[in-house]
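Understanding the architecture of this molecule
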Amino acid sequence: MKNTKRITLLAACAALLCATGLATAGPASASQESAVNCDKSIWDSCLTLYYNSSQTGSHTAFFGSDGNFYDNKFLSSGAGQGQVVKNNAASANVWGIPPYYPEFAVIYYNSNYAGSCDAISVNWYTDRLHNTYNENASWQIAGNPNVWAGCYIFS
Ligand SMILES: [Ca+2]
């Protein structure tokens, strides 16, 4: 009888831990690279990519860096929802908070931060990507000017 009770209690604790874990797993969890919108309560900076020009159509928000857009999809409702982000983003904006100035979101033509690039200043945007329009595969947030040297600059 006592043993049964103890086992039930353990099972209940395990279930509770599991529920707590799910409840606290926000957009910034390590396994998730993107979400529908920037979570400004958690993220220091955030890149939002849009399926269409002029920041329209479906969008997806990224924090940190992502070496390959192949496994990310446009998440919000709108044109392009469900499409893979890679080679499909037309416009973008970047949100960030001090002291993360000056920083740029650098978007690359190739995966793993290679190839021609567009660099968008934090708290700026573009209605049409220049070097990576519909040809985009990775991005990183950067504070070192050497990183965005040679990129097309939006600021
Ligand atoms: Ca990815």
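What you see is a predicted model; the values in this text were computed from it and never measured.

A few words now on the confidence of the model for the protein chain. Interpreting fine coordinate detail is not advised for predicted regions of low pLDDT. Confidence along the protein chain averages 84 in pLDDT terms, with 77% of residues attaining 70 or more. Here residues 7-31 scores under 50 on pLDDT; set against residues more than four positions off or in separate chains, the count is 10 contacts.

All right, on to the sheet that holds strand 9 (residues 152-154) then. Spatially, 8-5-6-9 is the arrangement adopted by the 4 strands of the open sheet, whose pairing is mixed. In this open sheet, the two edge strands, each paired with only one partner strand, are strand 8 (138-142) and strand 9. On average, adjacent strands in this sheet sit at an angle of 20° to one another, irrespective of strand direction. Here strand 5 (residues 104-110) runs beside strand 6 (residues 114-121); their pairing, made up of 6 bridges, is antiparallel. Note on strand 6: the bridge partner recorded for A105 is I120.

Procedures and definitions
- Residues numbered from 1 in each chain as written.
- Predicted model: local features only at pLDDT ≥ 70, side-chain atom pairs only at ≥ 80, totals over all residues.
- pLDDT = per-residue confidence, 0-100.
- Contact = placed C-beta atoms within 7 Å.
- Pairing = 2+ DSSP bridges.
- Helix = DSSP H or I, 4+ residues; strand = E, 2+ residues; numbered from the N terminus.
- Axes fitted to C-alpha atoms, helices over the stretch in contact; angles between N-to-C directions.

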